[in-house]
Amino acid sequence: MSTFNHAEKETLRPARITTDYGQKYGILTAEGNKFGSLSGKARALFSEGSKPGVGDWVIVKTYGDYDDALIHGVLERNSVISRQAAGFETKEQIIAANVDTLFIVCALNGDYNSRRLERYLIMAWNSGVNPVIVLSKSDLCEDLSSYLTETEAIAPGVPVIPVSAHYGLGKEALEVYTDSGKTVALVGSSGSGKSTMINWLTGESHQMTQEVREEDSRGRHTTTHREMFTLQGGGILIDTPGMRALSIWDDGEGISRTFEDIEQLAQQCRFTDCQHLKEVGCAVRDAIQTGELETKRLENYHKMLREIQFQVKKEAVAAKKSTRNAKHSTTRDKKSGWRKEIED
């Protein structure tokens, strides 16, 4: 956060980002809801990845009732959920900040995908939040027990809650995480039922809902921006647009925690540098032969490792390019200065 002199501190106030509209933000201040925008100084200081996101606590200066507040800084975050932004550029995209629990919403219809769930789990563990898997639309599922078994197998120790907003099933189990002072964010693909859950948990029709296509169980994007809602019990709920593509931004301990079973098996391999491909004495491959481990789970584990390695290489190339450009810029500035001295 930027440093301020004594006079500035007397006029600056804390606020929380409630909505991200791109160039503007919805903010909640002690005086109520307002619009906010980055000050010119803050706009120059913030990198793309450090700009405020929904859930952020910020320092603002307010003016008239109908004037935008100016955002001067972002307070230290307890957690930040982010992903690699779409496109070829190496850039962090903040999903939500200062979140305690992440509801990973997956509908029990043709949209269910255990490999995608693993990606969301990696994102949650990397972000420093506690994941909870919410299996929505359980009333549409004829074999709930098999989905529960499959989900619990890929997410050992993670709460798995089947819900049905249509019949009001599972609401009490979710409300355990939405106590006063707690912030919960929802992520999931389009058509997973997040908007319906928002309306269900808030008791109001905040979000529009749309039907899911019959042929592929996919929905159109109902939520178009990130938005924060206050629950009756004092908890906070952050809704996010549906994400079908989810590229991992960074890996702290996300892969290790998501694929803990594989990494524990790896400790029994004959070779410490075993890649779990064709090596002799590979305990991981042996577990696949015995049915203890699913082949697709190991394949996704390798895929996630490759993706992280590729991300690291992209960041290294981007950093090298940035350093080179900075050197060239310095050289141009020096030459321009010399030329000016000669002309003078």
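Each value, and the rule that gives it
- Residues numbered from 1 in each chain as written.
- Predicted model: local features only at pLDDT ≥ 70, side-chain atom pairs only at ≥ 80, totals over all residues.
- Heavy atoms only, no water.
- Helix = DSSP H or I, 4+ residues; strand = E, 2+ residues; numbered from the N terminus.
- Buried < 20%, exposed > 50% of the residue type's maximum accessible area, 1.4 Å probe, protein only.
- Contact = heavy atoms within 4.5 Å.
- Phe/Tyr/Trp six-rings, centres within 6.5 Å; stacked < 30°, edge-to-face > 60°.
- Lys NZ or Arg CZ within 6 Å of the ring centre and 35° of its normal.
- Disulfide = S-S within 2.5 Å.
- Expected span 1.5 Å × (residues − 1).
- Polar contact = N/O pair within 3.5 Å; in protein donor to acceptor, adjacent residues only side chain to side chain.
- Core = buried A, V, L, I, M, F, W, Y, C linked by side-chain atoms within 4.5 Å.
- Salt bridge = Lys/Arg side-chain N within 4 Å of Asp/Glu carboxyl O.
- Pairing = 2+ DSSP bridges.

Visitor: What's the story with the overall build of the protein in this structure? I'm lost.
Guide: What the protein contains, in helices and strands, is ten helices and 13 strands. Burial status across the protein gives 45% buried among its 344 residues. Excluding contacts between residues fewer than 6 apart, the proportion of contacts in the protein whose partners are at least 24 apart in sequence is 66%.

Visitor: Whenever I open this one, the packing of aromatic side chains confuses me. Can you help?
Guide: The geometry of an aromatic ring pair is captured by two quantities: the separation of the ring centres and the angle between the planes. Inspection of every chain in the model, using the stated rule, returns four aromatic pairs. Pairing Tyr21 with Phe35 gives two aromatic rings, centres 6.2 Å apart and planes at 50°, and the pair type is tilted. With Tyr21 in the loop between strand 1 (12-20) and strand 2 (25-29) and Phe35 in strand 3 (residues 32-38), the pair connects residues that are 14 residues apart, well separated along the chain. Overall, Tyr21 belongs to the partly exposed group, its relative accessible area being 45%. A centroid spacing of 4.9 Å and a plane angle of 75° characterise the contact between Tyr112 and Tyr147, whose relative ring orientation is edge-to-face. With Tyr112 in the loop between strand 8 (101-107) and helix 3 (114-127) and Tyr147 in helix 4 (residues 144-154), this residue pair connects regions lying 35 residues apart in the sequence. Tyr112 gets classed as buried once you look at its relative accessible area, which sits at 12%. The ring centre of Phe35 lies 5.9 Å from the NZ or CZ of Lys24, which sits over that ring.

Visitor: What's the story with the state of the cysteines in this structure? I'm lost.
Guide: Each disulfide consists of one covalent bond between the sulfur atoms belonging to two cysteines. Taken as a whole and assessed by the stated rule, the structure comprises zero disulfides. Of the cysteine sulfurs around Cys282, a residue in no disulfide, the closest is that of Cys274, at 3.7 Å.

Visitor: Please clarify how helix 3 should be interpreted in this entry.
Guide: Helical geometry: 3.6 residues make up each α-helical turn, so side chains three or four residues apart lie on a common side. Compared with an ideal rise of 1.5 Å per residue, which puts 14 residues at 20 Å, helix 3 spans 20 Å between its outermost C-alpha atoms and is within 8% of the ideal. Of all the 14 residues making up helix 3, 13 are buried; the element is thus mostly covered by neighbouring parts of the structure. The backbone nitrogen of Arg115 lies 2.9 Å from a side-chain oxygen of the residue at the head of helix 3, namely Asn113. Remark: Gly128 follows helix 3 within two positions and exhibits a positive phi of approximately 80°.

Visitor: Help me out: how do you make sense of the nonpolar core in this one?
Guide: The tendency in soluble globular proteins is for nonpolar side chains to be buried side by side. Ranked by internal contacts, the top residues of the largest apolar core, which has 42 residues, are Ile81, Leu102, Ile133, Leu135 and Ile238. Broken down by element, this core gets its largest block of residues, six residues, from helix 3. Residue contacts for Leu102: discarding those within four places in its chain leaves Ile81, Met123, Ala124, Val129, Asn130, Pro131, Val132, Ala185 and Val187. Phe259, Ile262, Cys269 and Cys282 belong to the second-largest nonpolar core, a separate cluster that totals 17 residues.

Visitor: Help me out: how do you make sense of the pattern of salt bridges in this one?
Guide: Close approach of charged atoms allows side chains of opposite charge to pair. Here the structure, examined in full by the defined rule, presents nine salt bridges. In this structure, Asp56 and Arg77 form a salt bridge, with 2.8 Å as the shortest nitrogen-oxygen distance. Residue Asp56 is found in the loop between helix 2 (40-45) and strand 4 (57-61), and its partner Arg77 is found in the loop between strand 5 (69-74) and strand 6 (80-84); the two are separated by 21 residues along the sequence. Judged by its relative accessible area of 0%, Asp56 is buried. Assessed through its relative accessible area of 24%, Arg77 is described here as partly exposed. Residues joined in a network through salt bridges with shared partners are Arg115, Glu118, Asp261, Glu294 and Arg297.

Visitor: Explain the pairing of strand 5 here, please?
Guide: Remember that side chains alternate between the two faces of the sheet whenever the strand is regular. In terms of burial, strand 5 is largely enclosed, as five of its six residues are buried. Looking at chain direction, strand 3 and strand 5 are connected through three bridges and run parallel. In the sheet register, Leu38 faces strand 5, and the bridge partner there is Ile71. Inspection of the sheet shows strand 4 paired to strand 5 by four bridges, in the antiparallel sense. Paired with Lys61 across the bridge in strand 5 is Leu70.

Take it as geometry only, folks, not as evidence of what the structure does.
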